[in-house]
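Chain residues, written in single-letter form:
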Amino acid sequence: MNIDNFHIASQKPKIYEKGDSIIWTDDHISKKLLEIHLNPDIDSASRMPESINRTVEFIKTFCTESSMSILDLGCGPGIYLEKLAALGHACTGVDFSKNSISYAKKTAKEKGLEINYICQNYLELDFENQFDLIILIYTDLGVLLPEEREGLLDNIHGALKPHGVFIFDLLNDTNVEQKFQEQQNWTFEYSGFWKSTPYMELVNGFHYPDEKVFLKQHTIIDESDQVDTYRFWTHYFNCEEVIALLSTRGFILTECFENILPATDIWNGENVTFFKTQK
Ligand SMILES: C[S@@+](CC[C@H](N)C(=O)[O-])C[C@H]1O[C@@H](n2cnc3c(N)ncnc32)[C@H](O)[C@@H]1O
């Protein structure tokens, strides 16, 4: 193994410097991810059942009509959409994981639910005035880079019908030091989440307090010295910042909701704020 790879991998990168690999569309990883989405005891891809149920109850408070058109961005295997479709809403899900979308299509058919699933990058969304309600769940707006976030908000605004509602959640700035500890851990796997062949994994946590963003970086080095770098930027916000951002993209009547989720860990409870905003 080339020792330089280990040294380079442990350096703090410049803010928003891109990794060279994407987690969601890799064949091996997306199979592992689907298993994790569907495992009710692991909340690293979808939240745990109690949180999902509480979120659906929260979303239902904005379903003012019995049959609304609902779009779920980053729908994964369709856990939220199946619950909303079962209530009679006309549901569409977008996700760029082929594996999750084909699983979602199969289970909707088995359950007799009509859900329109589309395998697409939601940053290239091109709907116009089509949805009463759009959801983006699991702090996913906060993982986008600032220009991607603004572009997505513009596309969501365009995809909503007049007065349509957008619901999403973000990590807030409560107990930031507790949430974001700088870290460096090595592990070795013969076969695991990142690859089916042996690899070393270096996990680094870096905090960029000026930009209010935390980077979790996974560097995977295999026996042939192939290095894959996965970077996950998670921004945290307070309500005022989100209200200001949304108003610059044309949204109105934004409201913040605390403690929708049970207080089971730092990515839950008082650490996550839900938002409802309107076109
Ligand atoms: C953290 S998971 C959350 C899934 C789902 N919202 C839930 O809570 O069960 C993020 C999902 O968004 C999808 N995703 C991430 N970026 C995307 C993009 N640019 N376009 C489409 N889907 C995306 C991933 O494939 C993954 O299924």
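For the structure itself, consult the block above.
Residues numbered from 1 in each chain as written. Predicted model: local features only at pLDDT ≥ 70, side-chain atom pairs only at ≥ 80, totals over all residues.

## Details of the environment of Leu160
Stage number 1. As for its position among the elements, Leu160 is in strand E5 (residues 160–172).
Stage number 2. Overall, the presence of 26 C-beta atoms within 10 Å leaves Leu160 in the buried class.
Stage number 3. Separated by 108 residues in sequence, Leu160 and Ile52 have C-alpha atoms that sit 24 Å apart. (Helix = DSSP H or I, 4+ residues; strand = E, 2+ residues; numbered from the N terminus. Buried ≥ 20, exposed ≤ 12 C-beta atoms within 10 Å, placed from the backbone.)

## Quick word on the nonpolar core
Stage number 1. If you look at the biggest cluster of nonpolar residues, it comprises 47 residues, and the most contacted ones within it are Leu133, Ile134, Ile135, Phe166, Ile167 and Phe168.
Stage number 2. Here this core takes 7 residues from E5, the largest share from any one element.
Stage number 3. Every residue in contact with Phe166, bar those within four places of it in the chain, is listed here: Ile134, Ile156, Leu160, Phe251 and Thr277.
Stage number 4. Counting 7 residues, the second largest nonpolar core, distinct from the first, contains Leu33, Ala45, Trp194 and Ile221. (Core = buried A, V, L, I, M, F, W, Y, C linked by C-beta atoms within 7 Å. Contact = placed C-beta atoms within 7 Å.)

## Comments concerning unusual backbone geometry
Glycine aside, residues mostly have negative phi, and peptide bonds are mostly found in the trans state.
Stage number 1. In the Ramachandran plot, Tyr16 falls in the positive-phi region, its phi being about 65° despite a non-glycine side chain.
Stage number 2. Here Tyr16 shows up in the loop between helix H1 (3–9) and helix H2 (27–38).
Stage number 3. For Tyr16, a count of 14 C-beta atoms within 10 Å corresponds to the partly exposed category.
Stage number 4. Positive phi, close to 65°, is recorded for Asp225, a residue that is not glycine.
Stage number 5. One can find Asp225 in the loop between strand E8 (213–222) and strand E9 (227–237).

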